[in-house]
Amino acid sequence: MKITIDGKVIEAKEGQSILEAALEADIFIPHLCSHPDLEAKGGCRLCSVEIAGQTGAVPACETKVRDGMEITVEGETASKVRKMAMELMLASHPADCTGCPKYGKCELQSMYQYMGVSPQGWRKKSRSVPNDDSNPLISHLFTRCVRCGRCIRACQELRGVKVLDYIKTPAGIRAGIPEGKSLAEAGCRFCGACIEVCPTGSIMDQVKIMKEERSYAENIVPCKSTCPAQIDIPRYIRYIKEGAFDKATAVVREKVPFPETLGSVCTHACEQQCKRGELNAPVSICKLKRAAAAGDSGAWKGHVRKDAATGKKAAVIGAGAAGLTAAYYLAKKGHDVTVFEKNEKAGGQCRYGIPAYRLPEEVLDREIQTMLEAGFALQTGSAAAAPKALLEQGYHVVLVAVGTHKGTKLPLEGNDLPGVYVNADFLKNARMGTPLPVGETVIVLGGGNVAYDCARTAVRLGAKKVHMICLESEAQMTATPDEIEEGRQEGILLHPSHTFHRIVGASHVQGVEIQKIEKFYFDENRKPVMELAEGSSQVIAADQVIFAVGQKPEGTDALGLALVHGAYIQADENLKTSMDGVFAAGDAVTGTKSVIEAVAGGRKAAEQIDLYLGGDGDISEVLLEQEVPSAYIGQSESFASLKRVEPAVREASDRTSDFCLVEQPMTCEQAQCEAQRCLQCDLRLHLHRTKLWNEYQGGV
Amino acid sequence: MRIVEKIRQLKESECIVDTLRSIVSENECVQCGKCVFGYEGVTQLQMILTDLTEKKARSTDLAQMQELCKMMSSQSLCETGEEIAQAVLEAADTYRADFEDHIAKKGCRAGVCRKFMTYHILADRCTGCGECMDACEEEAITGKAKFVHIIEQKECIQCGACMDACEEEAIVRAGTVKPRCPKRPVPCKRRD
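Residues numbered from 1 in each chain as written. Chains lettered and ligands numbered in written order. Predicted model: local features only at pLDDT ≥ 70, side-chain atom pairs only at ≥ 80, totals over all residues.

Caption draft 1: Geometry of the interface of chain A and chain B. Chain A puts 20 residues into the contact, and the matching count from chain B is 18 residues. Of all elements in the fold, only α2 (76-91) and β7 (165-169) of chain A reach the threshold of two or more residues within the side of chain A that touches chain B. With six residues, the single largest contributor to the side of chain A that touches chain B is α2 of chain A. Broken down by class, the residue content of the side of chain A that touches chain B amounts to ten nonpolar, five polar and five charged. (Contact = placed C-beta atoms within 7 Å. Helix = DSSP H or I, 4+ residues; strand = E, 2+ residues; numbered from the N terminus. Nonpolar A, V, L, I, M, F, W, Y, C, P; charged D, E, K, R; others polar.)

Shown next, in the form of structure tokens:
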């Protein structure tokens with residue numbers, strides 16, 4: 001149907017309100033209490049208009065369109081209503097806009113500036129309420145509440161959580177939590193819809209979670225934005241909650257090719273950022289991924305991308321996480337890819353660095369096998385020719401992803417005594433079934449996750465006593481708290497804040513001399529300064545010493561590429577090396593990081609290489625149709641205190657005698673239960689963003 | 001009783017402005033908050049009427065109230081807002097002179113609005129006990145033992161505390177007609 005607004009004929013749909021039709025046609029009518037996702041109530045009267053043939057003004061949000069309707073927005077009566085309504089609101093609203101956190105983004109501010117209205121002439125009323133930051137994630141600044149009821153309608157009707165309502169206070173009526181409860185006590189699910197729809201600065205995200213370096217969407221869903229591969233975490237967790245494990249895996253697989261491996265070993269930086277952490281503990285994102293992948297039927301395979309052959313040949317050196325990921329996506333883009341792996345099997349650090357009790361051989365084998373279905377060649381047990389030679393052999397492009405497989409030793413007296421090992425050799429030999437000899441007592445030097453891998457491997461190889469010595473205090477150690485705790489259960493003796501002076505021994509390792517660090521800091525020249533506790537020097541006896549203080553690339557000097565910081569391959573932001581047609585990615589470029597960083601690096605390399613080969617650089621894949629999640633989440637008893645679900649873990653006494661899995665994947669029930677804890681922060685982004693007047697054509 | 005009835009049946013001893021002020025303060029709109037004209041409108045009426053009873057009116061108040069109430073009666077979300085607005089409009093019409101007296105700060109005809117009243121100590125009743133002096137926080141009362149006390153009208157804020165404190169009922173509130181009182185303390189006639 002057609003209606004006329006201020007003389008302009010626009011198309012309107014049956015059942016639409018005048019306001020909806022106008023805004024859709026890019027004609028601005030002031031409004032405040034209405035929101036595209038909420039039922040109109042007509043309380044603010046800012047959208048008052050006049051209709052030909054009718055006396056008086058009516059609210060445009062509550063008046064349905066009729067064919068041929070003639071509407072005047074700025075008629076005398078309507079303008080008078082609108083002006084007085086705004087003046088009345090401003091008369092009881094704090095005037096210090098510049099001191100408000102919503103300054104510049106506030107709908108009320110934008111609206112009164114558009115209308116050129118001030119509360120002059122009316123009596124001012126202060127309805128002051130102390131700001132409340134006592135709830136997790138959400139700040140309440142109800143002094144600025146204009147009683148539009150949007151947060152209440154969002155909480156009650158849209159979400160069905162029914163926490164917020166109009167409440168009576170000595171300072172007047174406002175939105176709030178009845179009965180003086182906290183949000184958690186009232187059953188809040190912390191979905192943030194109230195924040196999203198609040199037109200003023202009354203309900204805000206807590207300042208500490210809104211980081212300046214991140215975009216709005218990145219701040220709203222920090223798990224996803226923190227993931228190096230940008231996995232759509234809330235989306236897959238929602239599927240797990242519904243028991244749709246296949247769909248969940250499809251979501252994960254849209255970004256990463258090793259869901260179960262990552263579910264087992266990922267460093268899960270996402271969980272550090274999970275907003276649920278502000279309530280009690282973060283959602284167990286990593287373990288949920290593993291549970292979903294463990295129950296995967298492969299239904300996603302029906303949707304995989306396979307572009308037509310391009311006739312371009314790519315060589316990948318190194319079949320670790322980065323190399324395999326790049327090969328996988330390049331193959332999907334139609335390129336002819338061959339991966340060269342020096343070791344007997346593919347997998348890189350996942351195979352030779354991570355102990356089997358964390359990542360079993362069969363999981364890795366299965367996932368690599370699945371990747372090969374993308375159609376690329378894998379040559380193991382054969383060192384690749386140098387990049388230049390490969391290019392000469394007819395490859396159009398080469399990716400170097402050789403990782404960091406060489407353990408480093410510190411320049412310490414006695415570091416070449418028999419019985420001194422480095423992390424990479426020790427772990428690789430153990431993984432290959434040819435472990436290096438281990439005596440009664442082993443000392444591991446280092447405080448990261450790899451140091452724990454070494455220490456826990458030594459325990460499993462029969463060492464009776466394993467010491468770990470690191471410079472950092474326990475709080476500063478890079479090992480995850482889980483690792484530290486599991487190591488403690490397995491009897492590992494941790495000596496944090498200790499320096500090591502020398503390895504003692506004549507013809508074989510006999511021990512390490514260590515001393516307690518009292519203070520450790522960086523001076524004004526940013527040089528590290530260590531103050532030692534006098535008289536705390538001691539020698540810890542040991543049969544073997546394992547350096548776990550870092551790894552570096554091996555053999556990169558023979559590649560004919562420019563290197564940096566010693567053995568690392570120099571690559572620009574697009575992963576191009578010093579040689580045209582040669583790219584590099586993964587640990588060999590970034591230094592030892594994590595599997596997920598390597599996967600992200602592999603994806604980036606695939607994009608860049610595809611561009612180089614004349615493609616569009618788009619490796620995205622849709623393995624599952626996008627569904628719009630339900631806005632209604634309903635009530636959930638004691639939601640805020642739901643405990644994090646922990647999967648079954650073998651007892652320390654049992655698990656230290658073999659290399660079998662320490663931790664089982666969550667059962668389906670456990671996973672569904674844990675997934676319930678997700679706040680579904682992403683639902684907020686599905687709400688319509690309200691536009692300010694200057695974003696409408698008809699508004700300027 | 002409907003609001004309009006209450007206004008129509010106003011007694012001689014009741015002040016329309018003060019009655020309206022208390023009707024508005026008890027109105028349901030104060031407890032709701034769902035519409036701007038109902039909630040903020042009633043808030044404004046409350047503030048304006050309170051100022052009128054407290055001798056703090058502005059000359060434009062009557063016109064502004066009428067303007068506001070016309071808007072409230074057509075733009076409130078429910079009948080509660082309409083009803084109160086119409087009651088105010090009718091009252092302003094019927095008792096226009098009373099409103100104007102309050103606005104012009106001439107007085108409160110019914111003798112209800114305290115700020116328009118003065119307090120006086122009757123010489124024949126005062127025993128010079130000093131209780132009223134103790135009760136007056138403004139120190140607006142002068143006097144000494146066995147002498148009739150005097151209220152300094154310039155200092156008095158019409159709080160009425162002295163009247164409550166006086167057990168002899170020697171203190172009275174006066175509207176337009178004032179009692180004759182001594183200008184400075186004189187010996188008391190009453191000696192008990």
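Next comes the rest of the write-up.
Caption draft 2: Spatial organisation of the environment of Thr249 of chain A. Residue and element names in this part refer to chain A. Structurally, Thr249 can be placed in helix α10 (residues 245-253). A sequence separation of 223 residues divides Thr249 from Glu472, and the C-alpha atoms of the two residues are 38 Å apart. Apart from residues no more than four positions distant in its own chain, Thr249 is found in contact with Pro259, Ala292, Ala293, Asp296 and Trp300.

Caption draft 3: A look at the sheet that holds strand β11 (residues 336-341) of chain A. All names here are of chain A. A sheet is described by the order of its strands in space; here five strands give the open sequence β12-β11-β10-β13-β27, paired in parallel fashion. Of all the strands in the sheet, just β12 (377-380) and β27 (582-584) have a single pairing partner and so form its edges. When strand polarity is set aside, the average angle formed by the axes of neighbouring strands in this sheet is 20°. Across the sheet, helix α22 (residues 595-612) is in contact with β10 (313-317), β13 (397-400) and β27; its angle to β13 comes to roughly 165°. (Pairing = 2+ DSSP bridges. Axes fitted to C-alpha atoms, helices over the stretch in contact; angles between N-to-C directions.)

Caption draft 4: Inspection of the domain arrangement of chain A at higher detail. Residue and element names in this part refer to chain A. Here chain A is described as being made up of domain 1 (2-100), domain 2 (107-211), domain 3 (216-301 + 643-676), domain 4 (305-405 + 553-612) and domain 5 (439-552). One C-alpha centre belongs to domain 2, the other to domain 3, and the line joining them spans 34 Å. At the junction of the two partners, domain 2 supplies six residues and domain 3 supplies four residues. Along the lines of polarity and charge, the residues of the side of domain 2 that touches domain 3 split into five nonpolar, no polar and one charged. (Domains from an automatic or database assignment.)

Caption draft 5: View of the packing of helix α13 (residues 285-294) of chain A against helix α24 (residues 668-675) of chain A. All names here are of chain A. One can describe the packing of α13 onto α24 by two numbers: an axis separation of 10 Å at closest approach and a directional angle of 140°. By the angle between their directions, the pair α13 and α24 is classed as oblique. The element α13 and its partner α24 pack so that their crossing is left-handed. Taken together, the residues of α24 that come into contact with α13 (itself represented by Leu288, Ala291 and Ala292) are Ala671, Glu674 and Ala675. Tallied by class, the residues present in the contact of α13 with α24 amount to five nonpolar, no polar and one charged. (Parallel < 35°, antiparallel > 145°, perpendicular 65-115°, else oblique. Left-handed = near helix turned anticlockwise from the far one by under 90°.)

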